[in-house]
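Coordinate analysis (summary)
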Amino acid sequence: MTMDIETVKERAGSREFNPTDDMPEEYRKAATRMLEFHANSEIMGAYLERPFIRKAPSIERKLAFSAKVQDEIGHGQMLYRAAESLGIKTREEMLDDLANGDGKFLNCFHYPMESYVETPMIAFFVDGAAMRRQATLKKSSWEPYAHAMDKICFEEGMHVKHGESILRELMNGSKREQEMVQEAFEEWWPRILQFFGPSDDASTHHDFAADVGLKTATNDELRNSFLNRYMEKAKNYGLEIPDEPRIRDNGDGTYEVVEDDLDWDEFFTVSKNEYEGSIQQINGRREAQEAVQWVRNMMDGQTTAGNSPKPQAAD
Ligand SMILES: [Fe+2]
Ligand SMILES: [Fe+2]
């Protein structure tokens, strides 16, 4: 019998539910929305970094980007599988929705990243922000989600180290390199702070997701915990924190952003895939999907036939 929502809320706790539980549709839909968003974001993030497998300045950096991009695609696939376990959408449906512009993904991955000096903005700051959120998802009530986080968090830790290594190298480089990183930082900083989503009062999905244990921390808690850690790190590497948005220093090593200083209109335009950059990123994803359609067709054909095509005998 389907569990009623009150029972779900009472039982909600770390890794409490799995596919053997008959979960109510409301829970399954909410968990699917979170997982699909997360999986889409992993894939779209990988596309931003992929060009740097070629563009990075040394073989070691190229290899690191290559490994990171593969990790991110793997994270996406794992999360699509965890989402499928809720029985709402298949992986193929989610991938199709992403390619046709219906799938939603993280704000930071709607913006183009063209220069190598920008790469630590994703690999250090965005992955660092992702770590803050993902560590709390290890306690999500949907067990397949929490389980996927064990592997993902381990690899994200490596990504942050990789991003930090590039940042350190550039900030110890020429004056020009330092200035370019500072410019990139000023451009990306407000987006990174919006990564966590709107303030708790404005977040429509938070209450239910928290009540049923899918989410264990609020957007503001995560944003503040990121600021508390990364403000100092940024300063230590010689970056200057921009005046806007204003950051309140609480005097005890903790910080808060003045959220009204952030451009939430832009954030919501981005979130609806209506930002000019969104279209470009989504088209890129669609073209990549179309380019390998023949592989899918071939594999579908094999699955339907129930076995592999027999090799033709040579004449
Ligand atoms: Fe990832
Ligand atoms: Fe990552």
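Details of the structure are given in the entry above.
Residues numbered from 1 in each chain as written. Chains lettered and ligands numbered in written order. Predicted model: local features only at pLDDT ≥ 70, side-chain atom pairs only at ≥ 80, totals over all residues. Heavy atoms only, no water.

Here we look at the overall build of the protein chain
Of the regular secondary structure elements, the protein chain holds 13 helices and 2 strands. Principal-axis analysis of the C-alpha atoms gives the protein chain an extent of 65 × 65 × 35 Å. Here the protein chain holds 315 residues, and 47% of them are scored as buried. Accessible area of the protein chain: about 15,700 Å², with a carbon and sulfur share of 49%. (Helix = DSSP H or I, 4+ residues; strand = E, 2+ residues; numbered from the N terminus. Buried < 20%, exposed > 50% of the residue type's maximum accessible area, 1.4 Å probe, protein only. Areas by Shrake-Rupley, 256 points an atom, 1.4 Å probe, with all protein chains shown as cover.)

A short note on the side chain of Lys68
Its place among the elements puts Lys68 in helix H4 (residues 59-84). Ignoring sequence-local partners within four residues, the contact set of Lys68 consists of Glu49, Ile122, Ala123, Asp127, His159 and His162. (Contact = heavy atoms within 4.5 Å.)

Considerations on the coordination of the iron ion (ligand 1)
Looking at the iron ion (ligand 1), the protein donor atoms are Glu42 (OE), Glu72 (OE), His75 (ND1) and Glu156 (OE), and they sit 2.0 to 2.3 Å from it. Around the iron ion (ligand 1) sit 4 donor atoms, and with donor-metal-donor angles ranging over 89 to 148° the site reads as irregular. Read in sequence order, the donor residues for the iron ion (ligand 1) give the motif E-x29-E-x2-H-x80-E. Here the iron ion (ligand 2) and the iron ion (ligand 1) are spaced 3.4 Å from one another, each receiving a donor from Glu72. Taken together, the residues Glu42 in helix H2 (residues 25-49) and His75 in helix H4 connect sequence positions 33 residues apart. The exposure class of Glu42 is buried, given its relative accessible area of 7%. (Donors = N, O, S within 2.8 Å, 3.2 Å for Na, K, Ca; no water. Tetrahedral: all angles 85-135°; square planar, octahedral: opposite > 155°, others 65-115°.)

Quick look at the environment of Ile88
Topologically, Ile88 is positioned in the loop between H4 and helix H5 (91-99). Look at Ile88 and you get partly exposed, because its relative accessible area is 28%. Contact partners of Ile88, with chain neighbours within four places excluded, come to Glu25, Arg28, Lys29, Thr32 and Glu93.

Things to note about the packing of aromatic side chains
Tallying each qualifying case throughout the model produces 16 aromatic pairs. Between Phe124 and Phe125, the ring centres sit 4.9 Å apart and the planes meet at 65°, which makes this aromatic pair edge-to-face. We note that Phe124, like Phe125, is buried. In this structure, Lys233 is placed above the aromatic ring of Tyr230, and the distance from its NZ or CZ to the ring centre is 5.5 Å. (Phe/Tyr/Trp six-rings, centres within 6.5 Å; stacked < 30°, edge-to-face > 60°. Lys NZ or Arg CZ within 6 Å of the ring centre and 35° of its normal.)

Examining the coordination of the iron ion (ligand 2)
For the iron ion (ligand 2), the full set of protein donor atoms is Glu72 (OE), Asp127 (OD), Glu156 (OE) and His159 (ND1), and the range of their distances to it is 2.0 to 2.2 Å. The coordination sphere of the iron ion (ligand 2) comprises 4 donor atoms, whose angles at the metal cover 79 to 165°; the geometry is irregular. Between consecutive donor residues of the iron ion (ligand 2), the sequence gaps follow E-x54-D-x28-E-x2-H.

Regarding helix H11 (residues 264-271)
Taken together, the buried positions of H11 are occupied by Trp264, Phe267 and Val270. What you see down the axis of H11 is that its buried residues fit within an arc of 115°, all on one side. For H11, the elements touching its buried residues are helix H8 (175-194), helix H10 (219-236) and helix H12 (276-291). Sitting at the amino-terminal end of H11 is Asp263, which places a side-chain oxygen 3.2 Å from the backbone nitrogen of Asp265. Looking one or two places after H11, you find Asn273, whose phi comes out positive at around 65°. (Arc of directions from axis to C-beta. Polar contact = N/O pair within 3.5 Å; in protein donor to acceptor, adjacent residues only side chain to side chain.)

What about a negative patch on the surface?
On the surface, a cluster of negative charge is contributed by Glu183, Glu186, Glu240, Asp243 and Glu244. Topologically, Glu186 is positioned in helix H8. (Patch = residues over 30% accessible without salt bridge, like charges linked within 9 Å, V, L, I, M, F, W, Y side chains within 5 Å. Salt bridge = Lys/Arg side-chain N within 4 Å of Asp/Glu carboxyl O. Lys, Arg positive; Asp, Glu negative; His and termini not counted. Charge placed at Lys NZ, Arg CZ, Asp CG, Glu CD.)

As for the layout of surface pockets
The method is simple in principle: a probe with the dimensions of a water molecule rolls over the atoms, and the space it marks as empty is what remains. For the second largest pocket, the calculated volume is near 250 Å³. Of all elements in the fold, only H2 and H12 reach the threshold of two or more residues within the lining of the second largest pocket. A total of 4 residues in the lining of the second largest pocket trace back to one element, the largest contributor, which is H12. (1 Å grid on protein atoms, 1.4 Å probe; cavity = no way out; pocket = protein on both sides within 12 Å on 5 of 7 lines; lining within 4 Å. Points joined across faces, edges and corners; volume = space filled by probe spheres on them.)

Describing the environment of Asp127
Residue position: Asp127 is located in helix H6 (residues 119-137). Under the relative-accessibility criterion, Asp127 is labelled buried at 4%. In sequence terms Asp127 and Cys153 are 26 residues apart; their C-alpha atoms lie 10.0 Å from each other. Beyond its immediate stretch of four places on either side in the chain, Asp127 contacts Lys68, Glu72, Ile122, Glu156, His159 and Val160.

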